[in-house]
Amino acid sequence: MIGPVPDNSIRVRPIVSELAILSNCDGSARVRQGDTSVVVGIWGPVEVRQSRENPEKCVFEPSVKAATGHGTPLDKMYEEAITQTCEQIVYTASHPRTSIQIIVQIESEDGSVLAVVKNALCLALMDAGIPMRSMFAGVSCVEMENGELSWDPTRRRRRSQPPGSRLCLRI
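Criteria and thresholds
- Just so you know, the residues in each chain are numbered from 1, in the order the chain's sequence is written.
- In view of the model being predicted, local features appear only for residues whose pLDDT reaches at least 70, and side-chain atom pairs are presented and counted only at 80 or more, with totals across whole chains, interfaces and linings using the full set of residues.
- Heavy atoms from the whole structure form the basis of all side-chain values; hydrogens and water molecules are not counted.
- The rule for pairing is simple: two strands pair if DSSP sees at least two bridges between them.
- Helix and strand labels come from DSSP, where a helix needs a run of H or I of at least four residues and a strand needs a run of E of at least two; each type is numbered from the N terminus.
- A fitted line through C-alpha atoms represents every axis, and for helices the fit uses only the stretch in contact; the resulting angles, taken between N-to-C directions, go from 0 to 180 degrees.
- By the convention used here, residues are in contact when the closest approach between their heavy atoms is within 4.5 Å.
- Only buried Ala, Val, Leu, Ile, Met, Phe, Trp, Tyr and Cys residues count toward a nonpolar core, and they belong to the same one when joined by side-chain atoms within 4.5 Å.
- Relative accessibility decides the category of a residue: with a 1.4 Å probe and only protein chains considered, values under 20% of the type maximum give buried, values over 50% give exposed, and everything between is partly exposed.
- To estimate the expected span of a helix, subtract one from its residue number and multiply by 1.5 Å.
- A carboxyl oxygen of Asp or Glu within 4 Å of a side-chain nitrogen of Lys or Arg is what we treat as a salt bridge.

Focus on the sheet that holds strand S4 (residues 59-65)
Working definition: the strands of a sheet are paired by backbone hydrogen bonds and lie parallel or antiparallel to each other.
So, step 1. One open sheet holds the five strands; their spatial order is S1-S2-S3-S5-S4, and the pairing between them is mixed. Looking at which strands have only one partner, the edges of the open sheet turn out to be strand S1 (15-19) and S4. Strand-to-strand, the axes of this sheet are offset by a mean angle of 15°, without reference to chain direction.
So, step 2. Pairing analysis gives seven bridges linking strand S2 (residues 27-33) to strand S3 (residues 36-47), with the strands arranged antiparallel. By the bridge assignment for S3, Arg30 is matched with Val39.
So, step 3. Helix H1 (residues 73-89) contacts S4 and strand S5 (98-108) of the sheet and is inclined by roughly 150° relative to S4.

Structure, rendered in structure tokens:
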């Protein structure tokens, strides 16, 4: 059971965001949270390959690139989380037989990567003018050994604790 959360324990690292940072796509955003930095570019809706075409809605084609340049198993998990989030938030029926391509470049990581990705994703979708049911925000937390929650854990803190939770909130 999770214990009480003291008011002074809910702290997150400074968050900085920029919109329309890439000139060659329909929408883009960079979000930095502490030493974690992510850029998201959106292309679409664009024509989709016939094998992926859905006559009733658009499909999402996310691609995550790690800071190291080498793919990791986490990249596929991030891509699945992006697809699930977009399918719940975007009005997919507005653009049947198309795709929305989402490229995520993780520039640097120091914890809470998926939360930062989701925050940059929301801003990039807005910048691209993609119709959404609502805005959303990502947050990451981990339960400490003493039962308290640690919000926005860094990579070092993450390693010393059991797996945490990543939440996506509709606003």
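Here we look at the nonpolar core
So, step 1. In terms of nonpolar packing, the biggest core is built from 31 residues, with Val40, Ile42, Ile102, Val104, Leu121 and Leu125 touching the most fellow members.
So, step 2. Here this core gets 10 residues from one element, more than from any other, and that element is helix H2 (residues 113-128).
So, step 3. Excluding anything up to four places from it in sequence, Leu121 contacts Val40, Ile42, Ile82, Cys86, Ile102 and Phe136.

Comments concerning H2
So, step 1. With 16 residues, H2 extends 22 Å from end C-alpha to end C-alpha; this agrees with the ideal 22 Å at 1.5 Å per step.
So, step 2. Of all 16 residues in H2, 13 are buried; the element is thus mostly enclosed.

Quick word on the pattern of salt bridges
So, step 1. Tallied over the full model, the rule gives eight salt bridges.
So, step 2. Between Arg97 and Glu53 there is a salt bridge whose closest N-O contact spans 3.6 Å. Residue Arg97 is located in the loop between H1 and S5, and its partner Glu53 is located in the loop between S3 and S4; the two are separated by 44 residues in the primary sequence.
So, step 3. You can call Arg97 partly exposed: its relative accessible area is 45%.
So, step 4. On the basis of relative accessibility, which here comes to 35%, the residue Glu53 falls in the partly exposed class.

Some remarks on the pairing of strand S6 (residues 136-143)
So, step 1. Of all eight residues making up S6, six are buried, and the element is well covered by its neighbours.
So, step 2. With three bridges joining them, S6 and strand S7 (residues 149-151) adopt antiparallel strand pairing. What sits directly across from Cys141, in S7, is Trp151.
So, step 3. Where S6 folds back onto S7 in an antiparallel hairpin, the turn is made up of five residues, including Gly147, whose phi is positive at roughly 95°.

Keep in mind these numbers describe shape, not what the thing actually does.
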